[in-house]
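A look at the structure
What follows is each chain in one-letter form.
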Amino acid sequence: MNVWLTNTESDELGEAYIRDYYDKFPSNSLCVDIEGFAKDYLKLDIVYESIVEDDKDKIGFLADGVEPLKISRNGKKESVVFKKNTIVIDEFLLNESESGRKRFTIAHEVAHYLLRMKFPANNVAQYHREFDSEKKYSGPELGNLLSFSENRADRLAAALLMPHFNMKKALDKYAGGEHFTIYGSSLMSTEDRFRLKVMADGVGVSCTAMEIRLNEMGLVDKKTMADYIAQDYQDGDFSDEDIPYDRRYGELTPEQAYLIHRSRREAERMEKREVKCPACGFRMTEAGSDSRGHTTLKCQKCKFQEPLNLAYFRTMKNAKGTPDAEIPKPKRKRQSR
């Protein structure tokens, strides 16, 4: 008898749960509120504690009401038996910079709970551990970390955070519907790595989790390192002969010349957008679709000069080369005389 879910079953179960959650708690967000799913939908308790287990990799825990968890309170270490099905998360994950890890840890413990309901024989306390590449693991430690039950929980956790219907929308919204390309086992172009980061932030997961999920869903094109080298290292990449600048002020190094050529090729493949003067609408400059941050520009027509966030002031060119509609401007109220 099969006591575990297959990959396909995990994906279908995770998607079914999130669809039902969205039906009961309507949301259009691509970032699944996994904490709300656990608390409001599954009626689970989530508490944050300072976990001080001997195994420092433990950052999450699903209680069975029997096994104690070592935590630190008021500077004192103590063993606490939490109520069954309580999810305990290490409080350091409350830091804003750890949002993606916190969300996946919660999803992992929720997955253990769902698997426990489906397969009662697995009704034991469960931990979420993170692999430390610099740590030397014993055989039993490595076995626990890489166990099949942990693998199944990770797969179901990914399906909860990144269900198929949301990932397809996210790919359209953040990556223009285009697949990502991986060369060899993990190498991506700078442009694809940037798109991956934007998409991961929008879905509320880490880049690593997003990359794994894209692989699982077949949304990644695989190419060889030979393909990468063929497109990346072209004749002339280390020459500055076709780079216009006044050489009286110094010479570019081969590395600088290569990076300029690579930037040029990336820009040629990238969708362009115009930045128009907010005062008179005159074209001020052209930027790549990945341009972000603040810069000071001066309009050559009306002399407007202020710092602008390139993410706000833009006109994107669509596939036909015509500008898309800009963000509508607020209507100015007419003053009564």
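Everything below is about the structure printed above this text.
Conventions used here
- Residue numbering note: each chain is counted from 1, following its sequence as written.
- Where totals are concerned, whole chains, interfaces and linings use all residues; where local detail is concerned, this predicted model gives features only for residues with pLDDT of at least 70, and gives and counts side-chain atom pairs only at 80 or more.
- Excluding hydrogens and water, the side-chain figures rest on all heavy atoms present in the structure.
- The helix and strand labels rest on DSSP assignments: H or I over at least four residues marks a helix, E over at least two residues marks a strand, and numbering proceeds from the N terminus.
- When accessible area is computed with a 1.4 Å probe and restricted to protein chains, residues below 20% of their type maximum are described as buried, those above 50% as exposed, and intermediate ones as partly exposed.
- Throughout, a contact is declared for two residues whenever any of their heavy atoms are within 4.5 Å.
- Note that accessible areas follow from Shrake-Rupley with a 1.4 Å probe, and for residues the cover is restricted to the protein chains shown.
- In this scheme, strands are said to pair when DSSP sees at least two bridges between them.
- What counts as a ring pair is set by centres within 6.5 Å for rings of Phe, Tyr and Trp (its six-membered ring), and what kind of pair is set by the plane angle: stacked under 30 degrees, edge-to-face over 60, tilted for all other angles.
- Distance and angle both matter: a charge sits over a ring if NZ of Lys or CZ of Arg is within 6 Å of the ring centre and within 35 degrees of the ring normal.
- Every axis in this analysis is a line fitted to C-alpha atoms, fitted for helices over the stretch in contact. Angles between the N-to-C directions lie between 0 and 180 degrees.
- When an angle is under 35 degrees it counts as roughly parallel; over 145 it counts as roughly antiparallel; between 65 and 115 it counts as roughly perpendicular; any other value is oblique.
- Gly falls in the polar group here, along with every residue not listed as nonpolar (Ala, Val, Leu, Ile, Met, Phe, Trp, Tyr, Cys, Pro) or charged (Asp, Glu, Lys, Arg).
- Here a crossing is taken to be left-handed if its near helix is turned anticlockwise relative to the far helix by less than a right angle, and right-handed if that turn runs clockwise.

Focus: the overall build of the protein chain
A count of helices and strands for the protein chain gives 10 helices and 13 strands. Taken across its 337 residues, the protein chain has 41% of its residues classed as buried. Across the protein chain, contacts joining residues at least 24 apart in sequence account for 56% of those joining residues at least 6 apart. Put simply, the protein chain shows about 20,000 Å² of open surface, and 50% of that area lies on carbon and sulfur atoms.

Examining unusual backbone geometry
Here the phi dihedral of Asn74 falls at roughly 55°; this positive angle occurs in a residue that is not glycine. Mapped onto the fold, Asn74 is located in the loop between strand 3 (69-73) and strand 4 (76-80). Owing to a relative accessible area of 81%, Asn74 belongs among the exposed residues under this scheme. Although it is not a glycine, Asn85 sits at a positive phi angle of roughly 75°. Looking at the secondary structure, you find Asn85 in the loop between strand 4 and strand 5 (87-90). Asn85 gets classed as buried once you look at its relative accessible area, which sits at 19%.

A word on the pairing of strand 3
In this sheet, strand 3 lies alongside strand 1 (residues 46-51) in antiparallel orientation, the contact comprising two bridges. Among the inter-strand pairings, Ile51 is bridged to a residue of strand 3, identified as Ile71. Note: strand 3 against strand 4, five bridges, orientation antiparallel. Across the sheet, residue Arg73 finds its bridge partner in strand 4, namely Lys76. Following strand 3, the chain reverses through two residues before pairing antiparallel with strand 4; Asn74 in that reversal takes a positive phi of roughly 55°.

A short note on the packing of aromatic side chains
Ring pairs (aromatic) are described by centroid distance and by the angle formed between their planes. Summed over all chains, the structure comprises eight aromatic pairs. Arranged with centres 5.4 Å apart and planes meeting at 40°, the rings of Tyr21 and Phe25 form a pair that is tilted. Exposure remark for Phe25: the relative accessible area of 34% places this residue in the partly exposed category. Cluster of aromatic residues (ring-pair linked, three or more members): Tyr17, Tyr21, Tyr22, Phe25, Phe37, Tyr41 and Phe165. Over the ring of Phe180 we find Arg195, and its NZ or CZ is 4.5 Å from the ring centre.

Thoughts on the packing of helix 7 (residues 190-203) against helix 8 (residues 207-216)
Any two packed helices are characterised by how steeply their axes cross, that is the angle between the axes, and by the distance between the axes. Taken N-terminus to C-terminus, the directions of helix 7 and helix 8 make an angle of 100°; their axes are 9 Å apart at the nearest point. Between helix 7 and helix 8, the crossing angle belongs to the class labelled roughly perpendicular. Together, Arg193, Leu196, Lys197, Met199, Ala200 and Val203 of helix 7 and Cys207, Met210, Glu211 and Leu214 of helix 8 make up the contact between the two elements. Residues that form the contact of helix 7 with helix 8 fall into these classes: seven nonpolar, no polar and three charged.

Considering the packing of helix 6 (residues 164-175) against helix 7
Two numbers describe how helix 6 lies on helix 7: the axes approach to 9 Å, and their chain directions differ by 130°. In terms of axis orientation, helix 6 runs oblique to helix 7. In the crossing of helix 6 with helix 7, the sense of the turn from one axis to the other is right-handed. Residue-level inspection shows Met167, Ala170, Leu171, Tyr174 and Ala175 of helix 6 in contact with helix 7, the latter providing Arg195, Val198, Met199, Gly202 and Val203. Of the residues contributing to the contact of helix 6 with helix 7, the split by class is eight nonpolar, one polar and one charged.

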